[in-house]
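Per-entry structural report
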Amino acid sequence: MSEGTMQRRAQREQPERAKRLTRVLVCAAAVPVMLVATGCSSDSGPDDGGGDKAASASASASPSPTVQAAAYRTLPEACRALSKKTLEDLAPKAESGKEGGSDDVASRASCSWSSLDNNGVKGSQFRWLNVSLLRFESDTTRGPGDKLAQEYYDKQVREIRATPGAKGLNAQAVTGTGDEATAVRYDLKKKEGTFKQQAVVVRVENVVVTLDYNGAGLAGDKTPDAAALLADVKKAAKEAVLSVTKANGPAAASGSPSAPASKAPSASGSGKS
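The paragraphs below set out a description of the structure included in this document. The model shown is predicted, which means the values in this text are computed figures rather than measured ones. (Residues numbered from 1 in each chain as written. Predicted model: local features only at pLDDT ≥ 70, side-chain atom pairs only at ≥ 80, totals over all residues. Heavy atoms only, no water.)

**Quick notes on the environment of Pro144**
Put simply, the test is: The numbering of helices and of strands both runs from the N terminus, where a helix is a DSSP run of H or I of at least 4 residues and a strand a run of E of at least 2. Burial classes: relative accessible area under 20% of the type maximum marks a residue as buried, over 50% as exposed, and values in between as partly exposed (1.4 Å probe, protein chains only). By definition, residues are in contact when any of their heavy atoms lie within 4.5 Å.
Summarising the element assignment, Pro144 is placed in the loop between β3 (124-135) and α4 (145-161). Pro144 gets classed as partly exposed once you look at its relative accessible area, which sits at 26%. Separated by 73 residues in the primary sequence, Pro144 and Ala71 have C-alpha atoms spaced 9.7 Å apart. Ignoring sequence-local partners within four residues, the contact set of Pro144 consists of Val67, Gln68 and Ser138.

**As for the side chain of Gln198**
Take Gln198: it is sitting in strand β6 (residues 193-204). Judged by relative accessible area, Gln198 falls into the buried class, the value being 3%. For Gln198, the residues in contact, after removing those within four places along its chain, are Val184, Arg185, Leu211, Asp212, Tyr213, Ala226, Leu229, Leu230 and Val233.

**Side note on the state of the cysteines**
To be explicit about the condition: By disulfide we mean two sulfur atoms from cysteines, separated by a distance within 2.5 Å.
Going through the model one piece at a time under the given rule, you end up with 1 disulfide. The disulfide bridge from Cys79 ends at Cys111, spanning 2.0 Å between sulfur atoms. Disulfide Cys79-Cys111: torsion about the S-S bond near 95°, hence right-handed. With Cys79 in the loop between α2 (50-59) and α3 (84-90) and Cys111 in strand β2 (residues 108-118), the pair connects residues that are 32 residues apart, well separated along the chain. Here Cys79 falls in the partly exposed class, since its relative accessible area comes to 26%. By relative accessible area, Cys111 is classed as buried at 1%.

In short, geometric facts, not functional conclusions.
Okay, here's the thing in structure tokens:
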């Protein structure tokens, strides 16, 4: 083959080689693009198992705290918590009860009666009676209603026992009234004379009932018998507790205690009614 023929052949083959080289370069350049696209596609996809982990965490979350519902949901009318007969015995000259102020009578109520039996030159007999009712609702933060009522009951007894100026103080447990009950009695001297003070605090389920009762012989009349006053107010306390249970329907009307009565220590030795 002549030299001229070889040159012409080489010239014809150059374009073909150039085309093949161009195709190779284009393909080589396309490979990184595909890899990048594939990588982005992989990164943007869902995290394998992520949804399952979230569902598992949600399922294992702690349930909301619960607390046992309070037994009693309402209170009786305080001025009707005692019968007419009981009021005639404890406050014979009282015309009507004075209702205490409350923005929620289903949770807090009170009523008081004042009686003055004037005997002229022989003096007079004074009596004062107050009934206080306090109901506690169960709360997931503070606890069940009966526990809150018990805490208030204990506080109430302590405060009565700490009455300034009390003389001859005596505290005793009262059986057969509510879930737990304490009677506190003492003398209190005032400018009008010596007053015989009696208080009975009762807890029945989530309600605390407090009866304050005092009597005095004024202007020379004889001082009332403290034991008789205490016996009267204990009977009234039982009646007030029954009013609470009746106000909450037939199922609660038995008034049976849900826990054994506790005994409050006495300043001069505990006793039982």
